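These are the residues of each chain, in order.
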Amino acid sequence: MDDIGSFNVRWIQGFANKNIEFVDDTTVCYACGSHLCFLNLETKTQSVLQSPGRGVGALTANGNNGMFAFSERKLSPAIFVYIFPEFQLKCELKGTAQLDYTSLTLSDGGPYLGSCSSLPDHTITVWNWETTEPICTQPQAGQDVVSLVFNPLNWLQLCALGNTSLTVWNIEKSASFHVLKPSVIELPATDGTFVEGLVASSHTVSEKLPYFGPEMPPSAISGIKGDMAEIIVTKLCTKAKVTPTAICWTATSELYVGCAEGFLLLVEPESLSVSVLFNPTTADAIPELRRTNFQGLTPHKNGLIALGKGNVMHCLQIKQTQINITQTWQLQGSVTAVMNSPDRETLILSSNTGQIYMLNPTHSDKIVKVLDVLSGNFVAATFSCTDRKICVSVRDSGELQLWSTDGVCLGSLSLQTEVRSLACCPIAQYAAVGTVSGNVLFIDLNREQQPRLVHQVHLYQASVDHLVFDQEGHFLLTGSSDSHIYVLDAKPSKGFSVIGFTVVPGPVLSLSTQCIRDCEQVKVLVLCTGQEGKNHDGSLLTMLSLPERDLTGLDCVDRHGCLSPHIVKVSRYEVPHPLQSCVLGVSGVFAYCHKKKTLQRFQLPQDTDSSQLVVHLRPEQEVRGHPLGPASLVLSPHQLWLTSVGRDGLLRIRETASMERYIELQCHSCRDGGVRSVSFSADSQTLLTTGFNDGSLVCANLRIKGVDAGKVNKATQYSQSMDNLLNNIFDTENSVLIDWPEWGQGSPAATEKSEGSEVGVEAASVDVTEQDESYNSLLSAPPSHPTWLESRREAVLKEDNERYSETKKNLRKTVKELRDTIQEMMRENEILPDIERLEQREFNLDVEEQGRLEAMVEQEVVRVRNEFELENLAKCYLRDVLKSECWDTMKVKGRTVKAFHSEHEVKNYPLKERTEKEMEVLHRIQNLRELEEAACTQGNLNKDSNTIIAKEEEQGKEGHEAKSSAVTGSFSAELGYSNPHIYSQFSLQTTEQRINQIILLQDVIYRIKTAFNAEFEAVHRQKVQELNRARERNRHSRAIMLELDMNEELWEPCLTDSEQPERLLSVDDSEIKAERFLTPEQKKEEERKKLEEQRRLAAKGDNLIDRALGDMMDGVLEVKREDILKVEIPPPEFVLTKPDIHWTEEEKKVFKEYEKKSKDLSLEKEKYRKSLECEMKNLQASTREATQRFDETLRKLFEKKVKCEMAIYQEELKITYLVYAVQIREEMKNREMELKYKLEKTMAHKQDKIGEEVRRHEEEVELFQENYDSTVAEDRVLDKEFRKEFLDLPSNAVDQLYKLFKRRPRVQKIRTQSDHNSNPLKEQRLCGSLAPDALSNMLKAMEELDAPQNMPEGLNPSIWENFCFVRKTKVESEHKVKVKALTLAEMQAFLQRRKEEERTAQQEIKNISDELQSLHKEKNHFLTDILVQFVLKQGQLEVSTTDLTPDYTDSVLLHRSVVEDLNNSIREIGEQKIASMVERKDFRKGIIQLQWEHKKLGMLIEDLNNKARDIQMLRLSEEQQDFLHRADRECSMSKQASLLRKSRAFQEKIHQQSVEHRIKKIEQLNRQAAKKAEKNAIVEQQLPDIQVTVAERRHIYEATALEENQAATTEERYQEILQRRKLEDIARAQAEELADLWAEVQRLRIRSFPSLDKLKHI
């Protein structure tokens, strides 16, 4: 593949919203897709490094040494370590991670790297990247770790920040062995308090009374077992803690921790102490920090930089626990992370929107934006078809950006909408953008810094998925999922008008074009699915042939905008396998089949003119495609190169002639979805790719090698030819485009839009008119944003309305006249006779429409009826379920009986039928109890008869007590409902007995309830009888009241719903308020019944006899006594016709008889009325007495109910105690199993791991100790052998060499005076880096001491070289000893820590064993200390009366004898305690004496051991050994004495010589002292002059050299004074010498020559 050519990544843009790291003081790096971007903050230059693996996962860098590391994103990922700026791969680390790494970190103190893997192992690993080996690993340690940070002062500390936890991992080492040990930091609660976990470590015994047993921990109560039991219970039982979000190491190896709740903590990793520096919940909290959630922390030389929410950053000065805000910055955007440069000068701020800011607080408070690439995923990117080679990209959020050839962002435009596609026009400087809402936006790109929107058109209700220009810029074609392909004029001079559309079978999956210059056609290849709803692959290819001429004529499109068939030639093809993408080339069609994962080439036939004929194609060539699809294809502009990109992130380019070979580039990661789009530049030399989810845009150059380089020339020639071809039209159209106004500011398109809206309004008005005039017209209003096609249809409809308006008007008039005529006929039909009257349906002119409407209504009725029926069915089912579970299963239904004359009521006990299983268990337990009782009786019979007779009386008494309620603990026995098989409360010891007792007590409760329910039913029946009697009496009373013409309200009791609950399950007709719905069948049945009743009444006729009897005698033949009140004696006729003065005697007699009969009848009526009233009162009185007697019976039943309730509650209380005892027993069992599991686990861990590790390290320490001792011995041998190396030299020379042999240079850190570094972390890192080079630094310093000028005088150079070699060997040996000593100390400390762990494990084992033993004791105590329930009577009370009102809440009922016995026991125990204390005191004295004697003997033993050790360690010479071994001691003593005398004489001689030598030396020293005294006298004489000189020099120094170093100046002046004095002494000596010489010259001259005076005299 590489022999064809290669790719070179030119630049990359994007921001993955991950961490940013410094690689040096001025350069930061961040991940972008499958690449790493390096940005220089000073020069703003960018460099790119492509990942050698698949993608970039976790990233870390160390700016102090230029190292950076990152992981790849694939299965079993590797970690790559590079060095900057060489970009040299230092190593590749292969670990045990299976999926991904969540965090990486590099150490400042050495070649160490920390990593944390994700699922499933969650392993924290520390690597030595120089050796590519892991030094220590801890699996299952990073479940929620999001960040790892090494301590910059100590690489042996690693902090792991989790989502809810904070852990410091200490790396303990022993020689080359390393191990990770965690230290979990206990964070405070959300209120700032530190609380212990609520989980008890062991069982506790409650000191409160009453005692119910030990209190078990939650793990034992819950029954959770295994390793996760304690963790789960701890999480459930502890308070919510703060959430750490940011960490930062301090210069003192402490940790600052920022929390999401606004807390700032200080953690001491050594002691694991946590202190709260800032608590936002306190009243005195700093207001500015109270709203900060500490998203980021970083150290700075001015303080601690804290990044919080609200776009605010603070600089904090922390002194102990006091926090002061020294500086505050208001940030521009939402910053999420802050990072400090290695030199602690520059701060980098990053946001999740793609901006990076820089701040240098020491120089300026201005925040500078260094990078602004925005965030979000790129949808597409392409090159503009101009000489400037501008790249245009668009993101899914609608951000359109322009990029230069170097990757610099020239300008951007926010479209404020979601985007799906992008294309650039070849004949003008604009881009077309397809949106999710179905709009196509036209963006003018002539002004690169300010692109503008000049036009938009709404084509679809769905998203615009495809936008394609043909190669010569004639048309713009669009595709979407609604099967419509629109053809737009690409020329700005034509206003981007929509030419028309065509419809393809199914959603559009791919769209490509090809210009055929010979026939002046534009061929369009469309890949479609062939069916709606399938949007992934398709097997139908549609070829559209468009002429290049102008298509705006009337014959090109129909009225709705559809392209005419004679304009668009359609050819249809079908492939055997579904395709995902295809492109149209010159020599055929290239497609990708995801099902077969192959690239295919098809040859299209030339003579397929029929659009209805589907031609089946077979692939001519098929090659292997992408390993992970689906993939998309793109042809280069010169049609010779085919590009494919897939979800695997690979970019492949191959020749169209031979597709087997290809060039490959991993430009995006498959973990982020791979490549979304790819595009060529005009010269086919540069490619742009965008990723699906990585937010990156990659620009790569294509390099062709060898013979294939000719293809590059062809691509260049094609690009130049296209430029020459389109140059004139480009200038023309681009000038038109520049003059276009911005969209919405008077553009022609905006005017068209307003016109279109007017058309829509008019069309809507027409629709409304039609709706008013036609009742069955169902028209919908147009959408608020109509598409181009909808607007076109509205315009056609408006045109049709205008054209046929007169015809419509005449038709409406005719229809109205016809309607009026029919309505008049219907009114006349109403008044016609039935035989002549027509039915309503016969006047219907449109039977079909009426049938349709009726069917529609009937369908809706059926739908609603079905809904109600389903709802009713659901309710009925719910009713049946509730009834079957809560009513039918009840053997005894719950009901009440209420009193007649009060609100008092009594309820029964609802009971269910006991199941067969429950009865079987009960019978089994009863049989078991019978067997136990029989065995107990037989055992008692076998006892001694005398004992039985002697104790019969006592047993009789105790038996009565045993059966009393006080002993049994309930009243059930007194009520007669006890079970004879119940255990005694004093014999319940096993769990099985308690469970059996529970079942027996439940049977007792069931018996009590059953017996009460029987009495309740009798009372209920009695009430029903009384109600029947009362109704009968009331009926009789109403008859009497009717005879007496009385109207009084009678008291008539009845049963309520609670007394008769069956009524709740049925519904009476009176309860239904709504009108009953009758089906047609039910209506017919009701009408039939009415007719039958009418016929029956008609057949009965008019009976005169019955009517007369009813009128005269109320329908009866004789008068009963009850009807006497209705009897009236008619007066004689003459009374009514004659006045009394005209009556005859006979008539008067008759009238007297009439009056007598009337009087007698009145008396009889009155008497009868009184008897009726008395009878009615008696009836009411009997009813009242009966109901009162029933109330009394109900009261007695209530008392019985109270007793039953007491008995039931007592039995239930015993059941509760028993259940609690069984539960406690089970909890103790769980706790015992938990402790045993812990013990086994701890012992296994101690024996298998800790013990073996301790033994192994002990052996290693012993071996290393021996090695160290041998090394120390060798070093001592070198010291002893030094003099032997130089035996031939004099002793003084050897001593001088030995001094030089012991001399060592002082190795210091090289620092200049100008180095004023205030960074303690960097100084510590420098020291740590120099530590491994201590030997080399020492040897370099020793080279200065080995120089020849340091050689003593008179020493042979060969001896000096030998001496230097021996000294060098000694230095190396000393260094080796020091290194081994440090290693030994380290190993011993490691071993000591392991031993401490072993002791801790032993102590833990001991604690668990003690706890287990204590649990066993408590368990035995609990089994023997049985809880017994007693029923006690009221007795004497003793409570504290210190308060005015005694408090009885904590009082306990006790018998008086119990208190007296307890007092007696207390006295006896007190006396026993005093006696025991006296005995203990005496015994303690003896113990103290024995301890003193033991201590004395121990000291004697120690002295004797020391003496024995001294004797054993005493070194004896050979002479002493010979002396001890000799048998003739006297001879040896005499010889020794003679030798001692000789040696004494020799020593005295030597002493005398040394005394003389010392005397001579003293005399010599005295003479030297005299000389020194003379010199001192001379100096004292010169002292004034010297003082004057010193004063002058001091004055000069104070005047001129105040800023110089005083120490250096003093030393210099002192040297000048000494030099001056020396010069003065020399000058004085020379002057004296010259004077002497001159005197001698004069003397010699005088002696040699005659005097002139003598000559004169002569």
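Residues numbered from 1 in each chain as written. Predicted model: local features only at pLDDT ≥ 70, side-chain atom pairs only at ≥ 80, totals over all residues. Heavy atoms only, no water.

## Examining the overall build of the chain
- Looking only at helices and strands, the chain has 28 helices and 61 strands in total.
- Among the 1658 residues that make up the chain, the fraction classed as buried is 38%.
- Look at the contacts in the chain between residues 6 or more apart in sequence, and 55% of them connect residues 24 or more apart.
- A total of about 99,400 Å² of accessible surface is found on the chain, and carbon and sulfur atoms cover 53% of it. (Helix = DSSP H or I, 4+ residues; strand = E, 2+ residues; numbered from the N terminus. Buried < 20%, exposed > 50% of the residue type's maximum accessible area, 1.4 Å probe, protein only. Contact = heavy atoms within 4.5 Å. Areas by Shrake-Rupley, 256 points an atom, 1.4 Å probe, with all protein chains shown as cover.)

## Description of the pairing of strand β3 (residues 27–32)
- The buried count for β3 comes to 6 of 6 residues, which makes it a mostly enclosed element.
- Alignment of strand β2 (residues 21–22) against β3, held across 2 bridges, turns out to be antiparallel. Of the residues in β3, the one forming a bridge with Phe22 is Val28.
- From the end of β2 to the start of β3, which pair antiparallel, there are 4 residues.
- Judged from the 6 bridges that link them, β3 and strand β4 (residues 35–40) form a sheet pairing that is antiparallel. Directly across from Val28, in β4, lies its bridge partner Leu39.
- Between the antiparallel neighbours β3 and β4 lie 2 residues, among them Gly33 with a positive phi of about 65°. (Pairing = 2+ DSSP bridges.)

## Quick word on the sheet that holds strand β8 (residues 78–83)
- An order of β6-β7-β8-β9 is seen for the 4 strands of this open sheet, with the pairing classed as antiparallel. This sheet does not close on itself; its edge strands, each paired only once, are β6 (59–62) and β9 (88–94). Taken over all neighbouring pairs, the strand axes of this sheet differ in orientation by 15° on average, direction set aside.
- Direction of pairing for β8 relative to β9: antiparallel, over a ladder of 6 bridges. Bridge pairing links Tyr82 to Leu89 in β9. (Axes fitted to C-alpha atoms, helices over the stretch in contact; angles between N-to-C directions.)

## Things to note about the sheet that holds strand β17 (residues 177–184)
- Spatial strand order, β14-β15-β16-β17: 4 strands in an open sheet with antiparallel pairing. Among the strands making up the open sheet, the edge pair consists of β14 (145–151) and β17. Across the sheet, the axes of successive neighbouring strands diverge by a mean angle of 25°, strand direction being ignored.
- Both β14 and strand β15 (residues 154–162) contribute to a ladder of 6 bridges, which runs antiparallel. Looking at the pairing, Phe150 lines up with Leu158 of β15.

## Considering the packing of helix α20 (residues 1291–1302) against helix α23 (residues 1357–1424)
- Packing of α20 against α23 brings their axes to within 10 Å, and their N-to-C directions diverge by 35°. The two elements α20 and α23 meet at a crossing, and its hand is right-handed. Along the contact surface, α20 presents Leu1297, Leu1300 and Phe1301, while α23 presents Trp1360, Phe1363, Val1366, Arg1367 and Lys1370. (Left-handed = near helix turned anticlockwise from the far one by under 90°.)

## Section: a positive patch on the surface
- On the surface, a cluster of positive charge is contributed by Arg1567, Lys1571, Lys1572 and Lys1575.
- Looking at the secondary structure, you find Lys1571 in helix α26 (residues 1529–1600). (Patch = residues over 30% accessible without salt bridge, like charges linked within 9 Å, V, L, I, M, F, W, Y side chains within 5 Å. Salt bridge = Lys/Arg side-chain N within 4 Å of Asp/Glu carboxyl O. Lys, Arg positive; Asp, Glu negative; His and termini not counted. Charge placed at Lys NZ, Arg CZ, Asp CG, Glu CD.)

## Topic: the pattern of salt bridges
- Enumeration over the complete set of coordinates arrives at 52 salt bridges.
- Note that Glu799 is salt-bridged to Arg559, the shortest N-O span being 3.8 Å. One end of the pair, Glu799, is in helix α6 (residues 788–803); the other, Arg559, is in the loop between β44 (538–547) and β45 (569–579), with 240 residues separating them in the sequence.
- By relative accessible area, which is 36% here, Glu799 ends up partly exposed.
- Between Arg1029 and Glu1026 there is a salt bridge, with the nearest N and O atoms lying 3.1 Å from each other. Linking Arg1029 with Glu1026, this pair stays in helix α14 (residues 991–1043), spanning 3 residues, or about one helical turn.
- Several salt bridges share partner residues, and in doing so they unite Arg559, Glu799, Asp800 and Arg803 into one network.

## Looking at the pairing of strand β35 (residues 430–435)
- For β35, the buried fraction is high: 6 of the 6 residues fall into the buried class.
- Every second residue of β35 is oriented toward a common face, with Tyr430, Ala432 and Gly434 on one face and Ala431, Val433 and Thr435 on the other, all of them buried.
- Judged from the 5 bridges that link them, strand β34 (residues 419–424) and β35 form a sheet pairing that is antiparallel. By the bridge assignment for β35, Ala423 is matched with Ala432.

## Examining unusual backbone geometry
- The linkage connecting Phe84 with the following residue, Pro85, adopts the cis geometry, with an omega of 5°.
- Among the structural elements, Pro85 can be located in the loop between β8 and β9.
- Note the cis peptide between Leu119 and Pro120, where omega equals 0°.
- Mapped onto the secondary structure, Pro120 falls in the loop between β11 (112–117) and β12 (124–128).
- Within the chain, Arg344 stands out as a residue other than glycine whose phi angle is a positive 60°.
- Structurally, the position occupied by Arg344 is in the loop between β26 (335–340) and β27 (347–351).
- Although it is not a glycine, Gln639 adopts a positive phi angle of roughly 65°.
- Topologically, Gln639 is positioned in the loop between β51 (631–635) and β52 (641–646).

## Considerations on α6
- End to end, α6 covers 22 Å across 16 residues, agreeing with the expected 22 Å (1.5 Å per residue, within 8%).
- Of the positions making up α6, those classed as buried are Trp788, Leu789, Glu794, Val796, Lys798, Asp800 and Asn801. (Expected span 1.5 Å × (residues − 1).)

## A few points about a negative patch on the surface
- There is a patch of like negative charges on the surface, built from Glu1259, Glu1262, Glu1266 and Asp1269.
- Within the element layout of this structure, Asp1269 appears in helix α18 (residues 1145–1280).

## Let's talk about the packing of aromatic side chains
- Counted according to the given criterion, the structure contains 26 aromatic pairs.
- Where Phe70 meets Phe80, the ring centres are 5.7 Å apart and the plane angle is 40°; that geometry is what we call tilted. Here Phe70, found in strand β7 (residues 67–71), pairs with Phe80, found in strand β8; they are 10 residues apart in sequence, far enough to count as distant.
- The class of Phe80 is buried, set by a relative accessible area of 3%.
- One aromatic cluster in this structure is built from Phe38, Phe68, Phe70, Phe80, Tyr82, Phe84 and Phe87.
- Across the ring face of Phe378, the terminal group of Arg395 is positioned such that the distance to the ring centre comes to 4.0 Å.
- Over the face of the ring belonging to Trp887 we find Lys893, whose NZ or CZ atom lies 5.6 Å from the ring centre. (Phe/Tyr/Trp six-rings, centres within 6.5 Å; stacked < 30°, edge-to-face > 60°. Lys NZ or Arg CZ within 6 Å of the ring centre and 35° of its normal.)

## Let's talk about the environment of Glu288
- Along the polypeptide, Glu288 turns up in helix α3 (residues 287–290).
- Counting along the chain gives 24 residues from Glu288 to Val312, while the straight-line C-alpha distance between them is 9.3 Å.
- In this structure, Glu288 is in contact with His314 and Ile325, ignoring residues within four places of it in sequence.

## Remarks on the confidence of the model for the chain
- Across the chain, the average pLDDT comes to 79, with 85% of residues at or above 70.
- The secondary structure element of the chain with the lowest average pLDDT is helix α5 (residues 748–773), at 37, and the one with the highest is β35, at 92.
- Segment residues 205–210: pLDDT under 50, and 4 contacts once partners within four positions in sequence are set aside and those in other chains are kept. (pLDDT = per-residue confidence, 0-100.)

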